[in-house]
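Residues per chain, in single letters:
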Amino acid sequence: MLRLAVFVSGRGSNLRSIHKAIRERRLSAEIVSVISNRDDAPALAFAAAEGIPVLSLERVPIDEHARAVLEFIGANGADFIALAGYMKLIPAEVVAAFRHRMVNIHPALLPDFGGKGMYGHRVHEAVIASGATVSGATVHLVDEEYDRGPIVMQRTVTVEDGDTPETLAARVLQVEHAIYPEALQLFAERRVDIIDNTIIIRS
Ligand code: GAR
């Protein structure tokens, strides 16, 4: 059973898919805290309405983010972090404290179409502009760089002729909602080994 802190910045559909998977017992976890960099993130409002302790960092000075986050998630007993549409770099102190216990979901097949500035529709615009015929979603461990850590799970979707960033985003999002709870469940079942920065999933 994971005690999850979920980091969000916006809409929160991945947060809701994780929440639903827990309710439906597909994921052995509890969401013990939700952290946002924005006061007005709909994801934060959803969490608060569900009675989950929430923290907004919007008014916290940047050099106090690491301390504020570690204090808050420590107080709520989180042992694992899931980034779900969080658009800021995680402070190095938090990465160090949760090394191998923090994952992110990205709306493309990393290592392609990732890195700083590659988020939301920009990702899908770049995929379409590249002429790629396949895209997808990636769950990966978080390290000190955007979108770089070892890959836990990927699933593909077809890029159709005539796709717009919106239609491709919608197809990828369905896959995100499926694989994020599945990937988290692998950690809940302690089936993920990390050896030399390579992930091995035990069957
Ligand atoms: C998701 O598509 C997620 O993969 C993406 O932001 C969206 C958040 O949607 N994350 C990134 O682009 C990170 N680089 P949500 O708030 O509805 O979960």
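### Some remarks on the pairing of strand 6 (residues 134-141)
Among the 8 residues in strand 6, 7 count as buried, and that is most of the element. Note: strand 5 (residues 102-106) against strand 6, 4 bridges, orientation antiparallel. The partner of Ile105 across the bridge, within strand 6, is Val139. Examined bridge by bridge, strand 6 and strand 7 (residues 151-158) share 7 bridges and lie antiparallel to one another. Within the sheet, the bridge partner assigned to Val139 lies in strand 7 and is Met153.

### A look at the site of the ligand
Looking at the ligand, there are 15 residues lining it, with Arg11, Gly12, Ser13, Asn14 and Glu176 nearest. Residue Ser13 places a side-chain N or O atom 2.6 Å away from an oxygen atom belonging to the ligand. With the chains in place, 92% of the 450 Å² that the ligand exposes on its own is no longer accessible. For the shell around the ligand, the elements supplying multiple residues, two or more each, are helix 1 (13-23), strand 5 and helix 6 (165-188). Among the residues forming the shell around the ligand, the class breakdown is 6 nonpolar, 6 polar and 3 charged.

### Here's the deal with the packing of aromatic side chains
This structure, assessed with the given rule, holds 2 aromatic pairs. Arranged with centres 5.3 Å apart and planes meeting at 85°, the rings of Phe7 and Tyr86 form a pair that is edge-to-face. Placement of Phe7 in strand 1 (residues 2-8) and of Tyr86 in the loop between strand 4 (80-83) and helix 4 (92-97) is noted, with a sequence separation of 79 residues between them. Just as Phe7 is buried, Tyr86 falls in that class too. Relative to Phe187, the ring of Phe80 has its centre 4.8 Å away and its plane inclined at 50°; by these criteria the two rings are tilted. Of this pair, Phe80 sits in strand 4 while Phe187 sits in helix 6, and the two are 107 residues apart along the sequence.

Cut-offs and rules
Residues numbered from 1 in each chain as written. Predicted model: local features only at pLDDT ≥ 70, side-chain atom pairs only at ≥ 80, totals over all residues. Heavy atoms only, no water. Buried < 20%, exposed > 50% of the residue type's maximum accessible area, 1.4 Å probe, protein only. Helix = DSSP H or I, 4+ residues; strand = E, 2+ residues; numbered from the N terminus. Pairing = 2+ DSSP bridges. Near = heavy atom within 4 Å. Polar contact = N/O pair within 3.5 Å; in protein donor to acceptor, adjacent residues only side chain to side chain. Areas by Shrake-Rupley, 256 points an atom, 1.4 Å probe, with all protein chains shown as cover. Nonpolar A, V, L, I, M, F, W, Y, C, P; charged D, E, K, R; others polar. Phe/Tyr/Trp six-rings, centres within 6.5 Å; stacked < 30°, edge-to-face > 60°.

Interpretation in functional terms is not warranted from these geometric data alone.
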